[in-house]
Amino acid sequence: MGHFAQAQNPLLLTSKDDASLRIADTSNFTITSTNTLTASGSTINGVTGMAIHPCTDSIYLMLKIASQSGRSLATTDTNGNVTIIGNTGDNFAEIAFDNNGVLYGITGDGATNSERLYTISLTNASITQVVVLGNGDDGETIAYSPDDGFMYHWSGNGTTVFER
């Protein structure tokens, strides 16, 4: 029951299809504001992943940038002011932090190197492969559980896989 007391309020929401950061009030499930994500010199077309750093509460995003292959790692504030860290060089579907502030990302089926788990540098967005997964169909997501210390992977649009 203690985990319910730690639920995030407000809840931050993004979409892979637009450059909006929506803020929702979880007490009544309404969108309280919608802010456009903006980065100097770049056009943001969507967000494929978002994670909150467990030590600093900084908001990290995986962005689809117009006229760019690969996804870019960035930070933002709740007003939508984005600072791009760098291009990861591949198409990431989701990101998640572990308890120590290490950022992980998983590539989607549309990536050059699909369904692979990487660590991602918070300094320059460089990537280091951790493991090749390759199970399930399209639709990748990951989440870290502080209760058991494992990273969980869900995949599948037809053939579903759940693994840690």
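This text follows the structure it describes.
Residues numbered from 1 in each chain as written. Predicted model: local features only at pLDDT ≥ 70, side-chain atom pairs only at ≥ 80, totals over all residues. Heavy atoms only, no water.

Participant: Explanation requested: the sheet that holds strand 11 (residues 127-132) in the structure shown.
Facilitator: Paired through backbone hydrogen bonds, the strands of a sheet run either parallel or antiparallel to each other. Reading across from one edge, 8-9-10-11 is the order of the four strands in this open sheet, with antiparallel pairing throughout. On the outer flanks of this sheet lie strand 8 (92-97) and strand 11, each paired with one strand and no other. Strand-to-strand twist of the sheet, defined as the mean angle between neighbouring strand axes without regard to direction, takes the value 30 degrees. (Pairing = 2+ DSSP bridges. Helix = DSSP H or I, 4+ residues; strand = E, 2+ residues; numbered from the N terminus. Axes fitted to C-alpha atoms, helices over the stretch in contact; angles between N-to-C directions.)

Participant: Explain the environment of D77 here, please?
Facilitator: With respect to the helices and strands, the residue D77 is situated in the loop between strand 6 (72-76) and strand 7 (82-87). Of the residues examined, D77 reaches a relative accessible area of 29% and is grouped as partly exposed. In the structure, D77 is positioned 18 residues away from I59 in sequence and 6.7 Å away in space, judged by C-alpha atoms. Residues within four places of D77 in sequence aside, it is in contact with L21 and I59. (Buried < 20%, exposed > 50% of the residue type's maximum accessible area, 1.4 Å probe, protein only. Contact = heavy atoms within 4.5 Å.)

Participant: Can you help me understand the pattern of salt bridges in this one?
Facilitator: Think of it this way: side chains of opposite charge can pair up when their charged atoms draw near. Counted by the stated rule, this structure contains two salt bridges. Measuring nitrogen to oxygen at the nearest pair gives 3.1 Å for the salt bridge that ties D17 to K16. Close ionic contact of D18 with R22 constitutes a salt bridge, the shortest N to O distance being 2.6 Å. The exposure class assigned to D18 is partly exposed, which follows from its relative accessible area of 22%. (Salt bridge = Lys/Arg side-chain N within 4 Å of Asp/Glu carboxyl O.)

Participant: Please explain the environment of S126 as it appears in this structure.
Facilitator: Residue position: S126 is located in the loop between strand 10 (116-120) and strand 11. Sequence separation between S126 and G86 is 40 residues; the distance between their C-alpha atoms is 7.8 Å. Once residues within four sequence positions are removed from consideration, S126 is found in contact with T119, I120 and S121. Within the structure, the side chain of S126 is placed 2.8 Å from the side chain of N124, a separation counted as a polar contact. (Polar contact = N/O pair within 3.5 Å; in protein donor to acceptor, adjacent residues only side chain to side chain.)

Participant: Please explain the sheet that holds strand 4 (residues 44-52) as it appears in this structure.
Facilitator: Strands sit in the order 4-5-6-7 across an open sheet of four strands; the sheet is antiparallel. Strands with a single pairing partner mark the edges of an open sheet, and in this sheet they are strand 4 and strand 7. Across this sheet, the average inter-strand angle for adjacent strands is 30 degrees, counted without regard to direction. Relative to strand 7, strand 6 runs antiparallel, the two being bridged by five bridges. In the strand pairing of strand 7, A74 is matched with I84.

Participant: Explain the packing of aromatic side chains here, please?
Facilitator: Any pair of aromatic rings gets described here by the distance separating the centres and the angle formed by the planes. The full count for this structure, using the stated rule, is three aromatic pairs. Ring centres of Y60 and F97 lie 5.3 Å apart, and the angle between their planes is 70 degrees; this geometry places the pair in the edge-to-face category. Residue Y60 is located in strand 5 (residues 59-65), and its partner F97 is located in strand 8; the two are separated by 37 residues in the primary sequence. Since its relative accessible area comes to 8%, F97 is described here as buried. (Phe/Tyr/Trp six-rings, centres within 6.5 Å; stacked < 30°, edge-to-face > 60°.)

Participant: Help me out: how do you make sense of the layout of surface pockets in this one?
Facilitator: Unoccupied space between atoms shows up once a probe the size of one water molecule is rolled over them. Empty space within the second largest pocket amounts to approximately 160 Å³. If you go around the second largest pocket, you meet 13 residues; those closest to its centre are T48, R71, F92, A93 and G108. At the level of elements, strand 8 and strand 12 (140-145) are the ones that each hand at least two residues to the lining of the second largest pocket. Here the element with the most residues in the lining of the second largest pocket is strand 8; it accounts for three residues. A per-class count over the lining of the second largest pocket returns three nonpolar, five polar and five charged. (1 Å grid on protein atoms, 1.4 Å probe; cavity = no way out; pocket = protein on both sides within 12 Å on 5 of 7 lines; lining within 4 Å. Points joined across faces, edges and corners; volume = space filled by probe spheres on them. Nonpolar A, V, L, I, M, F, W, Y, C, P; charged D, E, K, R; others polar.)

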